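# Observations on the three-dimensional arrangement
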Protein chains: 2
Amino acid sequence: MEQPIRYELIKKDKKTGARRGRIYTPHGIIETPVFMPVGTQATVKAMTPDELKEMVDAKIILGNTYHLFLRPGDELVRDAGGLHKFMNWDRAILTDSGGFQVFSLSDLRNISEEGVGFKSHLDGSSLFISPEKSISIQNNLGSDIMMCFDECVPYPADYEYTKSSMERTTRWAERCKKAHKNPERQGLFGIVQGGMYKDLRKESAKQLIELDFPGYAVGGLSVGEPAELMYDVLAETTPYLPEDKPRYLMGVGSPDYLIEAVFRGIDMCDCVLPTRIARNGTAMTTNGKVVVRNATYERDFTPLDPECDCYTCKNYTRAYIRHLIKCGEILGARLLSIHNLRFLVRLMENVRKAIEDDRLTEFRDEFYSKYYHK
Amino acid sequence: MEQPIRYELIKKDKKTGARRGRIYTPHGIIETPVFMPVGTQATVKAMTPDELKEMVDAKIILGNTYHLFLRPGDELVRDAGGLHKFMNWDRAILTDSGGFQVFSLSDLRNISEEGVGFKSHLDGSSLFISPEKSISIQNNLGSDIMMCFDECVPYPADYEYTKSSMERTTRWAERCKKAHKNPERQGLFGIVQGGMYKDLRKESAKQLIELDFPGYAVGGLSVGEPAELMYDVLAETTPYLPEDKPRYLMGVGSPDYLIEAVFRGIDMCDCVLPTRIARNGTAMTTNGKVVVRNATYERDFTPLDPECDCYTCKNYTRAYIRHLIKCGEILGARLLSIHNLRFLVRLMENVRKAIEDDRLTEFRDEFYSKYYHK
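First, a word on what this report is: a plain description of the structure on this page. Here, residues in each chain are numbered from 1, in the same order as that chain's written sequence. Working convention: letters from A go to chains and numbers from 1 go to ligands, in the order in which they are written. Whole-chain, interface and lining totals are the exception, using all residues; otherwise, since this is a predicted model, local features are given only for residues with pLDDT of at least 70 and side-chain atom pairs are given and counted only at 80 or more. Hydrogens and water molecules were not included; the side-chain quantities draw on all heavy atoms of the structure.

## Considerations on the pattern of salt bridges
- The salt bridge criterion pairs a side-chain nitrogen of Lys or Arg with a carboxyl oxygen of Asp or Glu, the two atoms within 4 Å. Using the criterion set out here, one finds 69 salt bridges over all chains in the structure.
- A:Glu356 is the partner of A:Arg20 in a salt bridge, and the nearest nitrogen-oxygen pair spans 2.7 Å. Taken as a pair, A:Arg20 in strand β2 (residues 19–25) and A:Glu356 in helix α14 (residues 330–356) lie far apart in primary sequence, 336 residues in all.
- The closest approach of N and O atoms between B:Asp79 and A:Arg299, which form a salt bridge, is 2.6 Å. A residue pair is termed interchain when its members come from two chains, as with B:Asp79 in helix α3 (residues 74–79) and A:Arg299 in the loop between β16 (288–291) and α12 (311–315).
- Within this structure, A:Glu8, A:Arg20, A:Arg22, A:Glu31 and A:Glu356 form a network of salt bridges that share partners. Labels follow the DSSP assignment, with helices taken as runs of H or I lasting at least four residues and strands as runs of E lasting at least two, numbered in each case from the N terminus.

Take a look at the structure:
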């Protein structure tokens, strides 16, 4: 059987672990490294699919299995023709497993070998997600890339708990693979766990590779640990992953995390950060964060980011966007979301170009000096 | 001096008072009768200017003097290059006088011959708007059409109060005209008052016509009186207005009010209704209102209005829009706002066509039978 998800390694950076590649999906080709906007509830907040294409140039977005299971329900989405058709998005979609949200959003979790019982954060109803259930939901959603149901261990966690959880995640991955009904249309990725313990990360990678997934995620990072520790664990994990499969670091979206992840061999990242801070009135710009709701921008009739090519920066001023945010106007959240998403997507475009030109380290240093003033 | 606002009467309907016309403004030509979306705080809620052009085909929008005076302040807007440039809208803008909002939104109003003192609904600060102040604000905003500062008498109101208020509105109109600094760039409309008293309406029209404005509004209607009374007063007012000037009925936006106003010789209407009910999850459709948040639409995979040509109806289903509204997603408010605005703008396109084709009454009856099921 031909895999629906294939990875092509175009170039390896000589000085770092960075990779320039390409992911082939049933809904288009994705140049990597790539940033993926998050569309939690079948919508990237405040955006239309057309804007994601034309203004952001996103090639792939995320959907959240936990949220869509609760609302509107995966069977409804299936009956609508799948998530692509339901939300009018014809490019690639990746769905997570629901595991992370079960642990972070729901109440009264009860983890067993069978799966996780929890109460809905919406109405308190008792629900259960097993590996088989997660896969069934994702099959109904019809995403291009699905994730295995895993336990995301909190930080800090002791060695014994982390080890047994990681081993269960492997057993769950095996069950996920067995339960998968559409392997010819949807690619299922394994998720490497193992907390901050390098030997467990190595062992997790080894066990998952034996199951032969078309891609691998690194889970359980960016969960409260120091950045240096995250970088360190990542650097000790990716070398154990196969070179001919894509690698996805889950849930990171700040510019430094994206760049450092690429340095350590990551191809895909996602995060709600750009749209969340947008709604709060903050822009990511070439020269660092701009909290546009601040009084200092009241009469600033310049664009958010003079170096930006986005719709927002070509048409609106900081003073106008500040006015909209101060008034709670939807357009303010929209304009900042467009800009922040475009900023991260373009950052990854520049990262890809830098890898091609053998100047990734120089690019990083120049970017940091302007963005972080260091 | 050439007036910046000119009206061309193209055709009078033989059977009704309806007029097919054209308003020339410094920012484009407006075919009338026309519906004008409301952009209270320098944004038509949830919409970009480009969407208003491309998806709605709005030729003119409103800005609210009261709101813009409070936030971001008319001097800031002036320094940004005027309201058109501030909000990135290069078609026509009409600003109201602030009078209606002073009476409906602010606390502790104190009306004198000089003007109206009130407390801001935002922070309780004491403010004062006189006819001169209203004109100064509107001159700073730079709208194409400005309105005279008036008192909107509540319903019911006794004859004596209504009469003295109407006479003061005339004196204020005279002061507005004198205070107007840019009569070559901005057209100032008079507002006919007189409550529900036909002789006062006639007298108000007569007094304002003597002041020779380039257009006239009918104010003080749709303030709680029965629809039939409103239609009656309107029918007794418009015959006293000059045929060669545009006529604007303020603050009506339901389909029947729009059509009945056109029957009685009105050329322009505005209302927040389409965008307000959009955010609450209600669509106006050919077959009447659709409260899309209702459970009945949970699995309705058809468009909001099968006869509609808008972006929303071409791309999204009722089930999807219901999901968005139920989740409080911004995109739900956006898609319904696009649809409702397009619905009213297209309604007026059809009204214009019906006047041209001498079949306005037939059009009205057909529309009512489908929309109101009567």
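## A few points about the sheet that holds strand β9 (residues 126–129) of chain A
All names here are of chain A.
- One open sheet accounts for three strands, arranged β7-β8-β9; its pairing is antiparallel. Each edge of the open sheet is held by one strand with a lone partner, namely β7 (107–111) and β9. Going across the sheet, the axis of each strand differs from the next one's by a mean of 20°, ignoring polarity.
- What makes two strands pair is DSSP finding at least two bridges between them. In the sheet, strand β8 (residues 116–119) pairs with β9 via four bridges, with the strands oriented antiparallel. Looking at β9, one finds that Gly117 is bridged to Phe128. Note on geometry: axes are lines fitted to C-alpha atoms, helical ones only across the stretch in contact, with angles between N-to-C directions running from 0 to 180 degrees.

## Some words on the interface of chain A and chain B
- Facing the 37 residues of chain A at the interface are 38 residues of chain B.
- Joining two parts hides part of their accessible area as seen by a 1.4 Å probe, and the buried area is that hidden amount summed over both. A combined buried area of about 3,200 Å² lies between chain A and chain B, and 56% of that area is made up of carbon and sulfur atoms.
- Taken as a group, A:Tyr320, A:Glu329 and A:Ile330 account for 17% of the area that chain A buries against chain B, more than any other trio of residues on that side.
- For the pair chain A and chain B, the interface holds six salt bridges. Should any heavy atoms of two residues lie within 4.5 Å, those residues are considered in contact.

## Section: the relation of the copies chain A and chain B
- We superpose the copies by least squares over the C-alpha atoms of residues that have a pLDDT of at least 70 in both of them. In screw terms, the move from chain A to chain B is a rotation of 180° and a rise of 0.0 Å along the axis, fitting with an RMSD of 0.0 Å. Within this description, the copies of the chain are treated as partners about a two-fold rotation axis. By C-alpha distance to the rotation axis, the residue of chain A lying nearest is A:Ile330, at 3.6 Å.
- Counting the interface residues of chain A, we find that 100% of their copies in chain B are interface residues as well, pointing to one common contact surface.

## Examining the nonpolar core
- In plain words, nonpolar cores are sets of buried Ala, Val, Leu, Ile, Met, Phe, Trp, Tyr and Cys residues tied together by side-chain atoms within 4.5 Å. Classification of residues uses two cut-offs on accessible area relative to the type maximum, computed with a 1.4 Å probe and protein chains only: under 20% is buried, over 50% is exposed, and between them is partly exposed. Ranked by internal contacts, the top residues of the largest apolar core, which has 196 residues, are A:Leu249 and B:Leu249.
- In contact with B:Leu249, not counting residues within four places along its chain, are B:Val218, B:Leu221, B:Met230, B:Leu234, B:Ala261, B:Ile266, B:Met268, B:Cys269 and B:Asp270.
- By size, the runner-up hydrophobic cluster in this structure holds 19 residues, among which are B:Ile5, B:Met36, B:Val38 and B:Met147.

## Describing the side chain of A:Ser134
- Relative to the helices and strands, A:Ser134 is located in helix α6 (residues 131–141).
- The contacts of A:Ser134, once residues within four sequence positions are left out, are A:Ser97, A:Ile129, A:Met147 and A:Phe149.

## What to know about unusual backbone geometry
- Between B:Thr32 and the following residue, B:Pro33, the backbone shows a cis peptide bond with an omega angle of 5°.
- When you line up the elements, B:Pro33 lands in the loop between β3 (28–32) and β4 (34–37).
- Looking along the chain, the bond that leaves B:Tyr155 and enters B:Pro156 is cis, with omega of -5°.
- Relative to the elements of secondary structure, B:Pro156 occurs in the loop between β10 (145–147) and α7 (159–179).
- Positive phi outside glycine occurs at A:His373, with the angle close to 55°.
- Turning to its location among the elements, A:His373 is positioned in the segment after α15 (360–371).
- For B:Asp358, which is not glycine, the phi dihedral falls at a positive 55°.

## Description of α7(B)
Residue and element names in this part refer to chain B.
- By this rule the span expected of a helix is its residue count minus one, scaled by 1.5 Å. In this model α7 runs 30 Å from its N-terminal to its C-terminal C-alpha over 21 residues, within 8% of the 30 Å that 1.5 Å per residue would give.
- For α7, the set of buried residues is Thr162, Ser165, Met166, Arg168, Thr169, Thr170, Trp172, Ala173, Arg175, Cys176 and Ala179.
- Looking at the buried side of α7, the elements it contacts are β7 (107–111), β8 (116–119), α6 (131–141), β11 (187–192) and α8 (198–210).
- Polar contacts here mean pairs of N or O atoms no more than 3.5 Å apart (in protein, one a potential hydrogen donor and the other a potential acceptor; neighbouring residues in sequence count only if both atoms are side-chain atoms). You can read the cap of α7 off the contacts: a side-chain oxygen lies 3.2 Å from the backbone nitrogen of Glu160, and it is on Asp158.

## What to know about the packing of aromatic side chains
- Pairs were defined over the aromatic rings of Phe, Tyr and Trp, the Trp ring being its six-membered one, requiring ring centres within 6.5 Å. Orientation was assigned from the angle between planes: stacked under 30 degrees, edge-to-face over 60, tilted for the rest. Scanning the model with the defined rule gives 30 aromatic pairs over all chains in all.
- Pairing A:Tyr66 with A:Phe118 gives two aromatic rings, centres 5.7 Å apart and planes at 45°, and the pair type is tilted. On the criterion of sequence distance, the pair formed by A:Tyr66 in helix α2 (residues 65–70) and A:Phe118 in strand β8 is long-range, its members being 52 residues apart. The exposure classification of A:Tyr66 matches that of A:Phe118, with both residues buried.
- Among the aromatic side chains, those forming a connected cluster through ring pairs are A:Phe343, A:Phe363, A:Phe367, A:Tyr368, A:Tyr371 and A:Tyr372.
- Taking NZ or CZ as reference, A:Lys374 lies 5.1 Å from the ring centre of A:Tyr368, over its face.
- Throughout this description, the term charge over a ring refers to an Arg CZ or Lys NZ atom that lies within 6 Å of the ring centre and within 35 degrees of the ring normal. The lysine or arginine in question, B:Lys374, covers the ring of B:Tyr372, its NZ or CZ lying 5.3 Å from the ring centre.

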